[in-house]
Amino acid sequence: MTTSTELVTNLRDPDTWTVLAVAAGAGAIGGFTHWLGAVAGVITPDPDDAATKTVTRVAAEIMVGAAAAVIMLFVVKPADGFGMIASSIMTGLFGRAVISALRARAQVEIIDKARGAAQAAAATAGRDAAALAEHVDALLQVTPDAVGDALMKSSTATPPPVAASVRAAAARALASFRARTT
């Protein structure tokens, strides 16, 4: 994978711009060829494309073909100059389909990265939940007795079963918490 420093260095190189210009030019030829094929009836135009013969449509096909060819250079590394020109023309010829396919590929990669991050977060949350459950368990061992003792000291009318009911309620809450986190 190219780092940003390498990319900046490559963009300063005139040969990089020459390669990009040749690819864009070949892609533009492919886009123009697509338009000619659609006008001649050799390539079936899109059904929603009523403006096949307009100047705007020609410009759009040329621009899409050029852009698709340049983008494709970063995906497929041609072996030589002839392969680059041939693949750029073909990419320009099918520019819209290529851009749609590359967009779908990028979306899949983004989803896969998000899935990996979510799985890592879930694993961390599971470890954190287990640690929290241990802390709650430790608190359950101390707190109900301390609460019961404090209640006993503060009021002689409070019966001793309060500590047991607090412990039972806390145990139910812990069991419910563990059931939801596992």
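Reading the values: rules and limits
Residues numbered from 1 in each chain as written. Predicted model: local features only at pLDDT ≥ 70, side-chain atom pairs only at ≥ 80, totals over all residues. Heavy atoms only, no water. Helix = DSSP H or I, 4+ residues; strand = E, 2+ residues; numbered from the N terminus. Buried < 20%, exposed > 50% of the residue type's maximum accessible area, 1.4 Å probe, protein only. Contact = heavy atoms within 4.5 Å. Axes fitted to C-alpha atoms, helices over the stretch in contact; angles between N-to-C directions. Parallel < 35°, antiparallel > 145°, perpendicular 65-115°, else oblique. Left-handed = near helix turned anticlockwise from the far one by under 90°. Expected span 1.5 Å × (residues − 1). pLDDT = per-residue confidence, 0-100. Patch = residues over 30% accessible without salt bridge, like charges linked within 9 Å, V, L, I, M, F, W, Y side chains within 5 Å. Areas by Shrake-Rupley, 256 points an atom, 1.4 Å probe, with all protein chains shown as cover. Salt bridge = Lys/Arg side-chain N within 4 Å of Asp/Glu carboxyl O.

### Observations concerning the overall build of the protein
Here is step 1: Looking only at helices and strands, one finds six helices and zero strands in the protein.
Here is step 2: Element order for the protein, N to C, with α for helix and β for strand: α-α-α-α-α-α.
Here is step 3: By residue count, 21% of the 182 residues in the protein fall in the buried class.
Here is step 4: Sequence-distant contacts in the protein: of pairs separated by 6 or more residues, those separated by 24 or more amount to 67%.

### Observations concerning the packing of helix H2 (residues 14–40) against helix H3 (residues 55–73)
Here is step 1: Packing of H2 against H3 brings their axes to within 6 Å, and their N-to-C directions diverge by 140°. With respect to H3, the axis of H2 lies oblique. Between H2 and H3 lies a crossing whose hand is right-handed. Only Arg-57, Val-58, Glu-61, Ile-62, Gly-65, Ala-66, Ala-69, Val-70 and Leu-73 of H3 make contact with H2, whose side of the interface consists of Val-19, Leu-20, Ala-23, Ala-24, Gly-27, Ala-28, Gly-31, Phe-32, His-34 and Trp-35.

### Examining helix H4 (residues 81–93)
Here is step 1: Spanning 13 residues, H4 covers 18 Å between terminal C-alpha atoms, matching the ideal 18 Å at 1.5 Å per step.
Here is step 2: Buried within H4 we find Met-84, Ser-88, Thr-91, Gly-92 and Leu-93.

### A few points about the confidence of the model for the protein
Here is step 1: Mean pLDDT over the protein: 75, with 65% of residues reaching 70 or higher.
Here is step 2: Per-element averaging of pLDDT across the protein places helix H6 (residues 161–181) at the bottom with 65 and H4 at the top with 87.

### Side note on a nonpolar patch on the surface
Here is step 1: Judged by side-chain polarity, Ile-71, Phe-74, Val-75 and Val-76 come together as a nonpolar surface patch covering roughly 340 Å² of accessible area.
Here is step 2: With respect to the element layout, Ile-71 can be found in helix H3.
Here is step 3: For Ile-71, a relative accessible area of 39% translates into the label partly exposed.

### Description of the environment of Phe-32
Here is step 1: Looking at where Phe-32 falls in the secondary structure, it is placed in helix H2.
Here is step 2: Judged by its relative accessible area of 35%, Phe-32 falls in the partly exposed class.
Here is step 3: Placed 57 residues apart in sequence, Phe-32 and Ile-89 show a C-alpha to C-alpha distance of 9.8 Å.
Here is step 4: Setting aside chain neighbours within four positions, we find Phe-32 in contact with Val-58 and Ile-62.

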